[in-house]
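# Understanding the architecture of this molecule
Listed below are the residues making up each chain.
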Amino acid sequence: MKNIDLNSNLVGRDFLTLRDFSREEIEYLIELAAYYKEKKKNGERVDEYRGQNVALIFEKTSTRTRCSFEIAAHDLGMGTTYLDPQGSQIGKKESIADTARVLGSMFEGIEYRGFGQEIVEELAKYSKVPVWNGLTNEYHPTQMIADMLTIKEKFGKLEGLKFVYMGDARYNMGNSLMIACAKLGLDFVACTNKEYFPNEELVNVCREYAKESGSTITLTEDVMEGTKDADVLYTDVWVSMGEPDSIWEERISKLMPYQVNMKALKNAKETAIFMHCLPAFHDLKTKVGKEIYEKFGITEMEVTDEVFESEQSVVFDEAENRMHSIKAIMAATLKKSK
Ligand code: CP
Ligand code: NVA
């Protein structure tokens with residue numbers, strides 16, 4: 001592994017969206033995540049942040065992000081306080097600005113998962129400590145470092161790869177992946193129904209990033225053209241947390257043609273990988289999966305079980321990398337303990 005400068009120049013920065021970070025800074029975080037992954041595999045201690053504490057606010061549910069923040073913080077020597085959707089005054093009896101000032105006076109860093117991006121921005125504005133976005137409706141930036149690390153591990157590079165996102169491309173995952181690809185030089189394709197293309201303003205911003213990195217942004221409704229010779233096929237749930245159940249019917253009818261199935265995967269390169277941020281609806285082993293089956297008669301949604309379980313699927317490597325990358329993000333933005 002490359003020598004990495006552990007004196008990060010990102011100390012004190014918030015991590016709200018990759019829009020705020022340069023290509024070099026993003027590449028640094030990916031390298032740092034790989035560094036921490038190796039340390040973990042070797043069983044080496046990295047508790048240079050001993051005695052510090054971080055607050056973890058979750059207004060939406062989580063498995064990976066919460067566990068990653070908790071394990072990463074503990075490995076770094078830090079304590080954690082988890083605030084669940086019901087267990088605090090946030091937003092109901094106390095404004096975000098007041099919460100930010102209270103938590104900022106007790107903790108060295110704050111993670112927030114919830115609804116609008118403006119909430120995490122307000123939190124960052126009023127607290128004097130780094131704030132990390134653990135997912136909002138608009139962005140999921142910590143997931144990006146894990147995803148790009150995973151792709152780099154599989155292909156040995158990022159630049160020049162064809163990355164295809166299928167499904168709901170106008171929400172947190174589609175937006176964030178388009179930004180990450182454009183900044184890091186991967187050719188990004190949103191292959192979906194045009195109503196689910198990322199919004200035009202963000203597409204234009206990303207086209208500017210892509211110009212700089214020498215990559216491209218393509219929006220297409222044509223599955224065969226979109227997935228042809230792809231290196232990465234990526235998808236996410238069709239209905240995200242916080243969206244009403246009433247939209248399932250429309251999503252299923254509009255997005256079913258963009259399900260990642262064997263036909264799409266076979267149309268990609270032989271070496272292509274399948275990625276998903278998880279959780280995924282690929283069988284009937286979930287409550288929601290069963291309900292959808294009873295209502296609409298479908299047994300799998302955004303990805304078929306065959307693709308999900310195939311040799312080309314790297315979803316569990318991706319999930320593991322969440323922890324290493326969140327560790328890197330916290331370590332890079334916090335001061336080491338004395
Ligand atoms: N990918 C992801 O953010 O998973 P969780 O919702 O389980 O945190
Ligand atoms: N788009 C999904 C991502 C989950 C990690 C959601 O917001 O629910």
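We now turn to the structure provided with this report. Just so it is clear, the structure is predicted and the values come from calculations on it, not from any experiment.

## What to know about the sheet that holds strand S4 (residues 131–133)
- With parallel pairing, the 4 strands of this open sheet are ordered in space as S2-S1-S3-S4. With one partner strand each, in any of the chains shown, strand S2 (79–83) and S4 form the two edges of the open sheet. Neighbour-to-neighbour, the strand axes of the sheet open up by a mean angle of 20°, direction not taken into account.
- Judged from the 5 bridges that link them, strand S1 (residues 53–58) and S2 form a sheet pairing that is parallel. Bridge pairing links Ile 57 to Leu 83 in S2.
- Running at roughly 165° to S4, helix H4 (residues 117–126) makes contact with S1, strand S3 (109–113) and S4 of the sheet.

## Quick look at the site of ligand 1
- Within the structure, ligand 1 sits among Ser 62, Thr 63, Arg 64, Thr 65, Arg 113, His 140, Gln 143, Cys 277, Leu 278 and Arg 322.
- Relative to its unbound accessible area of 260 Å², ligand 1 is 95% covered by the protein chains.
- If you map ligand 1 onto the pockets, it falls in the largest pocket.
- Within the shell around ligand 1, the residues separate by chemical class into 2 nonpolar, 5 polar and 3 charged.

## Describing the state of the cysteines
- Summed over the entire model, instances satisfying the criterion amount to 0 disulfides.
- There is no disulfide at Cys 181, and the cysteine sulfur nearest it, in Cys 206, is 9.3 Å away.
- Residue class for Cys 181 comes out buried when judged on its relative accessible area of 0%.
- The thiol of Cys 277 is unpaired, and the distance to the nearest cysteine sulfur, on Cys 181, comes to 14 Å.

## Side note on empty space enclosed by the protein
- Counted according to the given criterion, the structure contains 1 cavity of 30 Å³ or more.
- If you go around the largest cavity, the residues you meet are Leu 6, Ser 8, Tyr 28, Leu 32, Tyr 36, Tyr 49, Ala 331, Ala 332 and Lys 336.
- Of all elements in the fold, only helix H1 (23–41) and helix H13 (315–333) reach the threshold of two or more residues within the lining of the largest cavity.
- A breakdown of the residues in the lining of the largest cavity according to their chemical character gives 7 nonpolar, 1 polar and 1 charged.

## Focus on the site of ligand 2
- If you check the shell around ligand 2, you find Leu 135, Asn 172, Asp 236, Val 237, Ser 240, Met 241, Cys 277 and Leu 278 and nothing else.
- Interatomic distance of 2.7 Å between a side-chain N/O atom of Ser 240 and a nitrogen atom of ligand 2.
- One nitrogen or oxygen atom from the main chain of Met 241 is found 2.8 Å from an oxygen atom belonging to ligand 2.
- Here ligand 2 has 270 Å² of accessible area as a free molecule, and 95% of this is covered by the chains.
- Split by residue class, the shell around ligand 2 holds 5 nonpolar, 2 polar and 1 charged.

Analysis parameters
- Residues numbered from 1 in each chain as written.
- Chains lettered and ligands numbered in written order.
- Predicted model: local features only at pLDDT ≥ 70, side-chain atom pairs only at ≥ 80, totals over all residues.
- Heavy atoms only, no water.
- Pairing = 2+ DSSP bridges.
- Helix = DSSP H or I, 4+ residues; strand = E, 2+ residues; numbered from the N terminus.
- Axes fitted to C-alpha atoms, helices over the stretch in contact; angles between N-to-C directions.
- Contact = heavy atoms within 4.5 Å.
- Near = heavy atom within 4 Å.
- Areas by Shrake-Rupley, 256 points an atom, 1.4 Å probe, with all protein chains shown as cover.
- 1 Å grid on protein atoms, 1.4 Å probe; cavity = no way out; pocket = protein on both sides within 12 Å on 5 of 7 lines; lining within 4 Å.
- Sits in = over half its atoms within 2 Å of the grid points.
- Nonpolar A, V, L, I, M, F, W, Y, C, P; charged D, E, K, R; others polar.
- Disulfide = S-S within 2.5 Å.
- Buried < 20%, exposed > 50% of the residue type's maximum accessible area, 1.4 Å probe, protein only.
- Points joined across faces, edges and corners; volume = space filled by probe spheres on them.
- Polar contact = N/O pair within 3.5 Å; in protein donor to acceptor, adjacent residues only side chain to side chain.

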